Amino acid sequence: MIDVLYFAWVRERIGLPKERVKTGAATVSGLVDELRAREARYEAAFADTSALRVALDQELADFDAPLEGVREVAFFPPMTGG
Amino acid sequence: MIDVLYFAWVRERIGLPKERVKTGAATVSGLVDELRAREARYEAAFADTSALRVALDQELADFDAPLEGVREVAFFPPMTGG
Amino acid sequence: MTVRVQEAPFDPAVELDGFAAGRTDTGAQVTFTGLVRGDGGLHHMEIEHYPGMTEKAIAAIEADAVRRWDLTASLVIHRYGRLAPGERIMMVATAAPHRKAAFEAAEFLMDYLKSRAPFWKREASETGAAWVAAKDEDEAALDRW
Amino acid sequence: MTVRVQEAPFDPAVELDGFAAGRTDTGAQVTFTGLVRGDGGLHHMEIEHYPGMTEKAIAAIEADAVRRWDLTASLVIHRYGRLAPGERIMMVATAAPHRKAAFEAAEFLMDYLKSRAPFWKREASETGAAWVAAKDEDEAALDRW
């Protein structure tokens, strides 16, 4: 089980900020494929992963990064701080 | 007659901050030549004009600038503000 | 090095009061303050962030600045939540022996905070609300470092 | 646009209090403060200036900044007289819709104040006093504008 967090419009499209997910995916991309297969709202959120960023255990990562040992995955749009 | 002002080490070498000078010089360089001919302390102050800056009526100028109509000439080293 | 992520307003004057105070190795201090502009009938802005990651990401950016420049002090404060036009969003401050380092480090901190700290702005006007899109120029600004 | 040349100390917090206040077209404020460093056993610094020309020269530099960048406010304060290590020598502040203009204008003001405003620093230590020499790098800094 892994904690999956969503922020900004990813959170809005999926309709929740956080969930526990049971996954057998080896990489972030594999997890995205599993989520996208679930429901239309996930498909809408993950339609274009080039518009998304991912953090593994609160560190920015790539979509081909391995999930082994990761406890928290977060998906969000490019940041707009400052 | 023209007001001539000295600042920083130019003032120290010449030994006064300001004087009224009667000059027939056409340019700043001509005035410098006249002053340099006066005494050793002027010669010491104006030995190397490349180390000096000049302002005419409180605007930075070149040493070949004409003196006609100028009321105030100031000589000083490169500025070190900020 | 100080990092604060908070919902409450802050006062730059108070923050700077003790900043690099009593030191005689500091010749230059630079501050940047970001404010909410009232462009296009903006009513308010909401800033979402990623608690936990935000503090870590900013601390990592600040540590990077300290490695790159000779700084005697640095400070980053960033707010989240609801902000009205004219309100302060965030500030950075840097102190260094010389001005070049203080300026460059402050710009570096700003450029990285814009694109690498997990904040997202949502602008609300009379006609609705929309998430602010990241700008290509903000991503491009990182290339100079 | 504000220019002040004064012997008395100033408080950046007080100066910034009303700076670009109540405006909603300002997204970025930058300040720079220059302080006396206690390097090499410095006891104090004396700053001489050219009354009359100083104010005009700074106003001209500031007007140039306003022509080059989209600024909503700018401020320059520069002291003269005797200053101890740790004391503030001068400050500049800029306000603009966007951060790039605010940063660039503040750096421009600093670069020009260093080499084009009629101030001269004299440093006094236990072993004597000496006029600070202008640095080639300060003159070279003007080339980027």
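Here, the structure is the one placed above.
Now for a description of the structure that goes with this document. (Residues numbered from 1 in each chain as written. Chains lettered and ligands numbered in written order. Predicted model: local features only at pLDDT ≥ 70, side-chain atom pairs only at ≥ 80, totals over all residues. Heavy atoms only, no water.)

Describing the pattern of salt bridges
Using the criterion set out here, one finds 38 salt bridges over all chains in the structure. Between Arg41 of chain B and Glu39 of chain B there is a salt bridge; the shortest N-O distance is 2.7 Å. Judged by relative accessible area, which is 31%, Arg41 of chain B ranks as partly exposed. Residue classification places Glu39 of chain B among the partly exposed positions, given a relative accessible area of 39%. For Glu46 of chain D, the salt bridge identified is with Arg122 of chain D, shortest N-O distance 4.0 Å. One end of the pair, Glu46 of chain D, is in strand S3 (residues 42-49); the other, Arg122 of chain D, is in strand S7 (residues 119-125), and 76 residues separate them in sequence. A residue is classified by how much of its surface remains accessible, and Arg122 of chain D, at 23% relative accessible area, is partly exposed. Shared partners join several salt bridges into a network, and the residues in it are Arg99 of chain C together with Glu107, Asp111, Asp138 and Arg144 of chain D. (Salt bridge = Lys/Arg side-chain N within 4 Å of Asp/Glu carboxyl O. Buried < 20%, exposed > 50% of the residue type's maximum accessible area, 1.4 Å probe, protein only. Helix = DSSP H or I, 4+ residues; strand = E, 2+ residues; numbered from the N terminus.)

Details of the packing of aromatic side chains
Scanning the entire structure with this criterion turns up 27 aromatic pairs over all chains. When the ring of Phe76 of chain B is compared with that of Tyr50 of chain D, the centres are 6.3 Å apart and the planes differ by 70 degrees; the resulting orientation is edge-to-face. In this pair, Phe76 of chain B is assigned in strand S5 (residues 72-76) and Tyr50 of chain D in the loop between S3 and helix H2 (53-68), connecting two distinct chains. Exposure class is identical for Phe76 of chain B and Tyr50 of chain D. Each is buried. Arranged with centres 4.9 Å apart and planes meeting at 50 degrees, the rings of Phe76 of chain B and Trp120 of chain D form a pair that is tilted. Here Phe76 of chain B is found in strand S5, whereas its partner Trp120 of chain D is found in strand S7 on a different chain. Of the two residues, Phe76 of chain B and Trp120 of chain D, neither departs from the other in class, the shared state being buried. Cluster of aromatic residues (ring-pair linked, three or more members): Tyr6, Tyr42, Phe46, Phe63 and Phe75 of chain B. For the cation-ring pair, Arg122 of chain C lies above Trp131 of chain C, with the distance from its terminal atom to the ring centre recorded as 5.8 Å. (Phe/Tyr/Trp six-rings, centres within 6.5 Å; stacked < 30°, edge-to-face > 60°. Lys NZ or Arg CZ within 6 Å of the ring centre and 35° of its normal.)

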